[in-house]
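Residues per chain, in single letters:
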Amino acid sequence: MKRVVSILFVLLSLCAQSQTKSNPTSAIRGTVVDQQSQFPLPGVNIILLNQETTVGTTTDIDGNFRLENVPVGRQAIQVSYIGYEPQVLNNLLVSSGKDLEVNISLSESIINLEGAEIVADDNKAATINEMSTVSARTISIEEAQRYSGSLLDPARMAQNYAGVSSASDDRNDIIIRGNSPTGVLWRMEGIDIPSPNHFGTLGTTGGPVSMLNINNLANSDFLTSAFAPEYGNALAGVFDLRLRNGNKDKFEFLGQIGFNGLELGAEGPLGIGNKSSFIVNYRYSTLGIFQALGIDFGTGDAVPEYQDLTFKMDIPTRKLGRFGLFGVGGISFVEFKASDSEETNLFSNDAEDSQFESTTGWVGLSHQYFIGENTQTKLVLATSFAGVDGWIDSLSTIDGDPHRVFGLKTAQGKYSGNFSVNHKFNARHTVKAGVIFDRYDFVLEDSVLWQADEFFYRSDFHDQADLLQSYISWQSRVGQLTTVTAGVHSLHFLFNNTNAFEPRLGVKFNVAPDQYINLGAGLHSQLQPIPVYFRQHRLPDGSTELRNNNLGFNKSAHLVLGYDNMITPQFRIKSEVYYQYLYDIAVDNDSSSFSMLNSGVDFGIPSNSDLVNEGTGYNYGLEFTAERFFHQGWYGLVTVSLFTSRYAGSDGIERNTAFNGNYVTNVLAGKEWSVGKRALLGVDTKFTYAGGRRYTPIDLEASALAGQEVRPDNLAFSEQYNPYLRWDLKLSFRFNGKSISQQWALDLRNVTGHRNIFIQQYNARNNTIQNRYQIGFFPVVLWNIYF
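Since we're looking at a predicted model, the values are computed, not measured. (Residues numbered from 1 in each chain as written. Predicted model: local features only at pLDDT ≥ 70, side-chain atom pairs only at ≥ 80, totals over all residues. Heavy atoms only, no water.)

Q: Can you help me understand the pattern of salt bridges in this one?
A: Opposite charge on two side chains permits pairing when their charged atoms draw close. Scanning the entire structure with this criterion turns up 43 salt bridges. The closest approach of N and O atoms between R547 and E545, which form a salt bridge, is 2.5 Å. The partly exposed category is assigned to E545, whose relative accessible area is 31%. Salt bridges here are not isolated pairs; linked through shared partners, they connect R29, R66, E68, K98, D99, E101, R244, D249, K250, E252 and E267. (Salt bridge = Lys/Arg side-chain N within 4 Å of Asp/Glu carboxyl O. Buried < 20%, exposed > 50% of the residue type's maximum accessible area, 1.4 Å probe, protein only.)

Now the structure itself:
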């Protein structure tokens, strides 16, 4: 810590010595559109606030603006347009070497403003998707970069919010209101995508390292219940991601090194027309460097390797609409050699060697076209791929020599199309409808050692399956005080002709100035993970058959009531109470505790081969948020979640789900100091206290007789680990040169080194039960440069 303080003093000294009469400036650029129709608004006034002289600009015919000569540091702008509700955007962080992109949606006023005093509002509680009225929040990219312990990962950032918890430190799974993380839908640029994580497996939604590059993302929406009608095939929540456009005016470059890798990025004009742009970023893993420095990140002697690429091209035209091309791709590899190492790790058993390789990616082409000013059509065509190869060798033999016990090869390609039409009738009424089509093309090979040298193929298929979704939603602004969003979503799985019909309703009441009551209700359905449909069931005579191929959707009914109060423009309190009833859940045909509601508790998906849609479950809870938005150099966030998550398998016994931690508390705060006119010094901290994970105890005597871990089915999730506790602290320093900006940050995760238990495992080599603990004190260094 003394070295850290010394470095900071050196940086401050350099900053003080570099102050000149000519302070650096940059630019704020962006687009202003109508919130309901998304049509660009020309002639919008953009004014830079808190300046000695008036600095401003207006949007061009395409809604674009560029505000030049903006001093670096925290700035504010006012956006106003005749007939629309004005906005003020505060605390925009302007840096040299890089333009700040700000995209703005203005809502048309439903009252006559002539002669009225116009008061601009900074609505930080609003979402990007105006159809989302409850249990929704916009994820700010600046917040993701600021929050301590988030590792520049949007999923880990979301774990700070009410109703959300994590499975463990080593993965970024999102557990929402006690639901399985497999119930989360990831969407990017309008297309549903596979798990955007390195080392992910087919059917799961989390992983140890995110493929999402924060430098490419724009602000995005995160929904935790009763989602808008356009979202389907999800039970727990939705992460609706958007990629930002590159700078269409000039070239910019980025260099960065941190936990997510060594990164190089570039953006600028594309040269097709005068307003097209590109942005591309590439990362390569740096965990080998961290390990050489003696930092333990939970993999023992193994060094995970990964790399990823993210890009987007934006090509607007005058008559043919707007075209876009985007993509994300990543590969990852790791090998654990327990036979050659005495080190323990969180990802494999001490009695096993294993190897794991994954490839994930997607690429899409989008086209946006306006028919007049009030009707927008959008078509997105995309293809994605998620593949995994892996094996496990057991060391639990007399001589300790490895022998193969498991092999896996899965590959899922998907061809997707999403066509939507959005029509704004007037300031009060907007309708959106669409169709989503996904064709799954997959190879599933999954074998386990059955007896002696005989392997049983749990899955051995190459097949296709189609999913068709459609929706329509209508939003009405009833006077000034009430907004109603109603609609339906339908799903049809052509593989086995199963269907789901889902009505949705959201209501927002303005009960007093800046105070709202929110109500949301709806039905939601989700497919089983694709490999589950093709699990082969072994019969007593050794033959196999498919019994899961006629499974229907898992289903859930959501009901949410919320209260939101912007006490001041900078301070907000919010509370929500909810109930979710889950039904038609896949459970074992024979009597057991198994339920798909517990899938995602480990790295893979269940291998059960004889399932029926007869399970149930429920979640209910109360959430509270108190948030002080960043203002006058500091922010604060407190979230408290109290919840219960229960289920019943085919044995009819009600139990805790694997994710029923019962409570989560987060406290975050941060302070920023200006150092001269060129630099910023920041301190951010986070404290988390949560209920421990549920688990099924190990029967040591039965495990010794079987030579492998045995957990009694009748005791499923009957025990709970000790409460989870972690304190993170982050120090950062940002310096602006004339045309270059740099940032240094040190993120100290789990400062106290508190030992949070990760899992109990049976070690067949010495017949003991071992506690494995989550990652201890873990310092992460970040440096980046923009020029």
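After that view of the structure, there is still more to cover.
Q: Honestly, the sheet that holds strand β1 (residues 25-34) in this entry has me stumped. Any pointers?
A: In any sheet, the strands associate via hydrogen bonds between backbone groups, in a parallel or an antiparallel arrangement. Read from one edge to the other, the open sheet built from three strands follows the order β4-β1-β7, with strand pairing classed as mixed. Of all the strands in the sheet, the pair left with one neighbour each is β4 (64-71) and β7 (100-106). Between one strand and the next, the sheet's axes are offset by a mean angle of 25°, whatever the strand orientation. Strand direction decides the pairing type here: β1 and β4, joined by six bridges, are antiparallel. Directly across from S26, in β4, lies its bridge partner V70. (Pairing = 2+ DSSP bridges. Helix = DSSP H or I, 4+ residues; strand = E, 2+ residues; numbered from the N terminus. Axes fitted to C-alpha atoms, helices over the stretch in contact; angles between N-to-C directions.)

Q: Can you help me understand the pairing of strand β3 (residues 55-58) in this one?
A: Regular strands place side chains that alternate from one sheet face to the opposite one. Bridge count between strand β2 (residues 45-48) and β3: four bridges; the pairing is antiparallel. Across the sheet, residue N45 finds its bridge partner in β3, namely T58. Between the antiparallel neighbours β2 and β3 lie six residues, among them N50 with a positive phi of about 60°.

Q: For this particular structure, what's the right way to read the packing of aromatic side chains?
A: The description of an aromatic ring pair uses the distance of the two centres, along with the angle that the planes make with each other. On inspection of all chains with the given rule, the structure shows 20 aromatic pairs. Considering the side-chain rings of F495 and Y533, the 6.3 Å spacing of their centres and the 70° angle between planes classify their relative orientation as edge-to-face. Placement of the pair is F495 in the loop between β27 (482-493) and β28 (498-512) and Y533 in the loop between β29 (515-526) and β30 (536-538), with a sequence separation of 38 residues. The exposure class assigned to F495 is partly exposed, which follows from its relative accessible area of 27%. (Phe/Tyr/Trp six-rings, centres within 6.5 Å; stacked < 30°, edge-to-face > 60°.)

Q: How do you make sense of the nonpolar core when you look at a structure like this?
A: One recurring pattern in soluble globular proteins: nonpolar side chains tend to sit buried together. By size, the foremost hydrophobic cluster in this structure holds 37 residues, and its most contacted members are I174, W186, M188, F222 and F239. In contact with I174, not counting residues within four places along its chain, are A155, V164, S165, P181, V184, W186, F222 and F239. Listed in part, the 32 residues of the second largest apolar core include L202, L527, L582 and I585. (Core = buried A, V, L, I, M, F, W, Y, C linked by side-chain atoms within 4.5 Å. Contact = heavy atoms within 4.5 Å.)

Q: Got a minute to help me understand the side chain of R171 in this structure?
A: As for its placement among the helices and strands, R171 is situated in the loop between β9 (164-166) and β10 (174-176). Those residues in contact with R171, other than ones at most four positions away along the chain, are R156, Q159, T204, G206, G207, P208 and F603.

In short, geometric facts, not functional conclusions.
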